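Remarks on the overall topology
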Amino acid sequence: MPRPTPAQFAYGSCTVVFTTFAMLLLSQTRSGPGVAVVAVAALALGVLVAVTAPSPRRRPAAAPSATAARPLPVPPPRISAPAAEPVRGRAA
């Protein structure tokens, strides 16, 4: 299982804090069990957000191909005869 990234921790934590705050304000609950239900619901939502947050994609390892296993053929070296130059006579 891959480890969560710092961004996923941040998304989840902010979701828990803001959701708890909003639900407590909207529900106006003051009882202990009501606060516990709100806290558990906010924690569940924070975990859901952290898990579904996009994580960096890793590139899959390149699979060895059939052409990579065989070395490429090396053409034989070209040896050409020296160019024939006209023989020049010596000036006497």
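Throughout what follows, the structure given in this document is the object of discussion.

Rules of the game
Residues numbered from 1 in each chain as written. Predicted model: local features only at pLDDT ≥ 70, side-chain atom pairs only at ≥ 80, totals over all residues. Heavy atoms only, no water. Helix = DSSP H or I, 4+ residues; strand = E, 2+ residues; numbered from the N terminus. Buried < 20%, exposed > 50% of the residue type's maximum accessible area, 1.4 Å probe, protein only. Areas by Shrake-Rupley, 256 points an atom, 1.4 Å probe, with all protein chains shown as cover. Expected span 1.5 Å × (residues − 1). Arc of directions from axis to C-beta. Contact = heavy atoms within 4.5 Å. Axes fitted to C-alpha atoms, helices over the stretch in contact; angles between N-to-C directions. Parallel < 35°, antiparallel > 145°, perpendicular 65-115°, else oblique. Left-handed = near helix turned anticlockwise from the far one by under 90°. Nonpolar A, V, L, I, M, F, W, Y, C, P; charged D, E, K, R; others polar. Patch = residues over 30% accessible without salt bridge, like charges linked within 9 Å, V, L, I, M, F, W, Y side chains within 5 Å. Salt bridge = Lys/Arg side-chain N within 4 Å of Asp/Glu carboxyl O.

**Details of the overall build of the chain**
On a plain count of helices and strands, the chain comes out with 3 helices and 0 strands. Seen in sequence order, the chain has helices and strands lined up from the N terminus as α-α-α. The 92 residues of the chain split such that 13% are buried. Of the accessible surface of the chain, which amounts to about 8,800 Å², a share of 67% is contributed by carbon and sulfur atoms.

**Section: helix H2 (residues 32-52)**
With 21 residues, H2 extends 30 Å from end C-alpha to end C-alpha; this agrees with the ideal 30 Å at 1.5 Å per step. Within H2, burial applies to Gly34, Val38, Ala42, Gly46 and Ala50. Along H2, the residues classed as buried sweep out an arc of 135 degrees about the axis, all on the same side. For H2, the exposed residues lying more than 90 degrees away from the buried face are Gly32, Pro33, Val37, Val40, Leu43, Val51 and Thr52. Close packing links the buried residues of H2 with helix H1 (6-27).

**Section: the packing of H1 against H2**
One can describe the packing of H1 onto H2 by two numbers: an axis separation of 8 Å at closest approach and a directional angle of 150 degrees. In terms of their interaxial angle, H1 and H2 are classed as roughly antiparallel. Both H1 and H2 take part in a crossing whose hand is right-handed. Note on element contacts: H2 touches H1 through Val35, Val38, Ala41, Ala42, Leu43, Leu45, Gly46, Val49, Ala50 and Val51, opposite Gln8, Tyr11, Gly12, Thr15, Val16, Thr19, Thr20, Met23, Leu24 and Ser27. Within the contact of H1 with H2, the residues separate by chemical class into 13 nonpolar, 7 polar and no charged.

**Some thoughts on the environment of Pro4**
Inspection of the secondary structure assignment puts Pro4 in the segment before H1. A relative accessible area of 45% means that Pro4 is categorised as partly exposed.

**Section: H1**
End to end, H1 covers 31 Å across 22 residues, agreeing with the expected 32 Å (1.5 Å per residue, within 8%). Considered for burial, the residues of H1 that qualify are Gln8, Gly12, Thr15, Thr19 and Thr20. The buried residues of H1 all sit within an arc of 120 degrees when viewed along its axis, so they share a single face. Along H1, exposed side chains directed more than 90 degrees from the buried face belong to Pro6, Val17, Phe18, Phe21 and Leu25.

**Some thoughts on a nonpolar patch on the surface**
A grouping of Leu43, Val47 and Val51 is seen on the molecular surface, where their side chains present a nonpolar patch of about 290 Å² in accessible area. Relative to the elements of secondary structure, Val51 occurs in helix H2. The exposure class assigned to Val51 is exposed, which follows from its relative accessible area of 62%.

These results come straight from atomic positions and should not be treated as a statement about function.
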